[in-house]
Amino acid sequence: MARAQSALGRRWLANLVAYLATIFTLRWLPALSMIGAALLAERNGWGLLNHLAVPSAAAIAVSILAIDLAGYLIHRLEHQAALLWRIHRLHHSDPDVDATTTFRFHPFEVLLRAAVSAVVSIGVGMPLLAAALYQLMSTLTSVISHTSVRLPDRLDAACGWVVITPNIHRTHHSIDRDDSNSNFSVCLSCWDRLFGTFRSVPKHGREDLIFGTESRTAEDGMSLLRMLADPFLPERAPGALAAAVTNPSAEPARRVG
């Protein structure tokens, strides 16, 4: 299991506040939810699947694949586009990773992802059942993949051929940029494998894995005001964290063991 290196109470409070901020933001935009968009598509006959004679099971499968692929693409773009990285950076600034990290997103990012999901749902003509199933699947996968539970290697490898496991996603939260620029998939790991962004083991191994981002300190990651203001703050690289990455033999500040 992962060994927490930061004050849990303070981290959990910070992540809870971030989550409450996103709930408050989305409360006034129910049509942006995946289920809300699926309802609009169904009632108005919008979207590709509403104009094709497709069996229900096939429509659900196609919809889930389409929305999961969209999640992979927007996540990858968030790491490549400077402006989008600014709003995604908050998620990666968590000095440790556990189930509460699942809900640590800036309201701007939640709005962006909700808008993308709504557009894809309507464009595909996503059935309401598919939207509900994917909402459940993505929530469970996201929570589980952020937990500090370490599955046996064989089980993790087997499950990793289908879904994102904790070991796979912890690599993505590494402070090392090569590691963090991999494993972008939301639920299904096939997208990383298909597009060449899959990494099964962190560069310096799982035992020396350090969480966070070079542009933020652990203190930044738990300051409520800095968290909400993060997209507007400049990049800065704490020397201690950068040194820990470039010198893996040094004792890391935060480890997974």
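Please refer to the structure placed before this passage.
Residues numbered from 1 in each chain as written. Predicted model: local features only at pLDDT ≥ 70, side-chain atom pairs only at ≥ 80, totals over all residues. Heavy atoms only, no water.

Colleague: I would appreciate a short explanation of the side chain of Asp230 in the present structure.
Modeller: Tracing the chain through its elements places Asp230 in the loop between helix H11 (224-229) and helix H12 (239-246). When near neighbours in sequence (up to four residues on either side) are disregarded, Asp230 contacts Arg86, Arg89, Leu90 and Arg216. (Helix = DSSP H or I, 4+ residues; strand = E, 2+ residues; numbered from the N terminus. Contact = heavy atoms within 4.5 Å.)

Colleague: Would you mind going over the packing of aromatic side chains with me for this structure?
Modeller: For any pair of aromatic rings, the description rests on two quantities: the centre-to-centre distance and the angle between the ring planes. Evaluated as defined, the whole model comprises three aromatic pairs. Taking the centre distance of 5.4 Å and the plane angle of 20° together, the rings of Tyr72 and Phe195 count as stacked. Note that Tyr72 is positioned in helix H3 (residues 56-80) and Phe195 in helix H10 (residues 190-195), a separation of 123 residues in sequence. Residue class for Tyr72 comes out buried when judged on its relative accessible area of 0%. Ring geometry for Phe108 against Phe232: centres 6.1 Å apart, planes inclined by 90°, an arrangement best described as edge-to-face. Of this pair, Phe108 sits in helix H5 (residues 107-124) while Phe232 is found in the loop between H11 and H12, placing the two residues 124 residues apart along the sequence. The exposure class of Phe108 is partly exposed, given its relative accessible area of 39%. Connected via pairs of aromatic rings, a cluster forms that spans Tyr72, Phe184 and Phe195. In this arrangement the basic side chain of Arg193 is found over the ring face of Trp161, its NZ or CZ atom lying 3.9 Å from the centre. (Phe/Tyr/Trp six-rings, centres within 6.5 Å; stacked < 30°, edge-to-face > 60°. Buried < 20%, exposed > 50% of the residue type's maximum accessible area, 1.4 Å probe, protein only. Lys NZ or Arg CZ within 6 Å of the ring centre and 35° of its normal.)

Colleague: What is the right way to read the packing of helix H2 (residues 34-44) against helix H6 (residues 128-146) from this model?
Modeller: Between two packed helices, both the angle of their axes relative to each other and the distance between the axes serve to describe the pair. Direction vectors running N to C along H2 and H6 enclose 170°, while the axes themselves pass 8 Å from each other. When the axes of H2 and H6 are compared, the pair comes out roughly antiparallel. Between H2, through Met34, Ile35, Ala38, Leu39 and Glu42, and H6, the contact on the second element is made entirely by Leu128, Ala131, Ala132, Tyr134 and Gln135. Considered class by class, the residues forming the contact of H2 with H6 number eight nonpolar, one polar and one charged. (Axes fitted to C-alpha atoms, helices over the stretch in contact; angles between N-to-C directions. Parallel < 35°, antiparallel > 145°, perpendicular 65-115°, else oblique. Nonpolar A, V, L, I, M, F, W, Y, C, P; charged D, E, K, R; others polar.)

Colleague: What is the right way to look at H5 in this model?
Modeller: Side chains of residues three or four places apart in an α-helix project in the same direction, reflecting 3.6 residues per turn. Taking 1.5 Å of rise per residue, 18 residues should cover 26 Å, and H5 covers 26 Å from first to last C-alpha, within 8% of that figure. Three or more residues of H5 are buried, namely Pro107, Glu109, Val110, Ala114, Ser117, Ala118, Ser121 and Val124. Looking straight down H5, one finds its buried side chains confined to an arc of 165°; they lie on one side. Remark: Gly125 follows H5 within two positions and exhibits a positive phi of approximately 80°. (Expected span 1.5 Å × (residues − 1). Arc of directions from axis to C-beta.)

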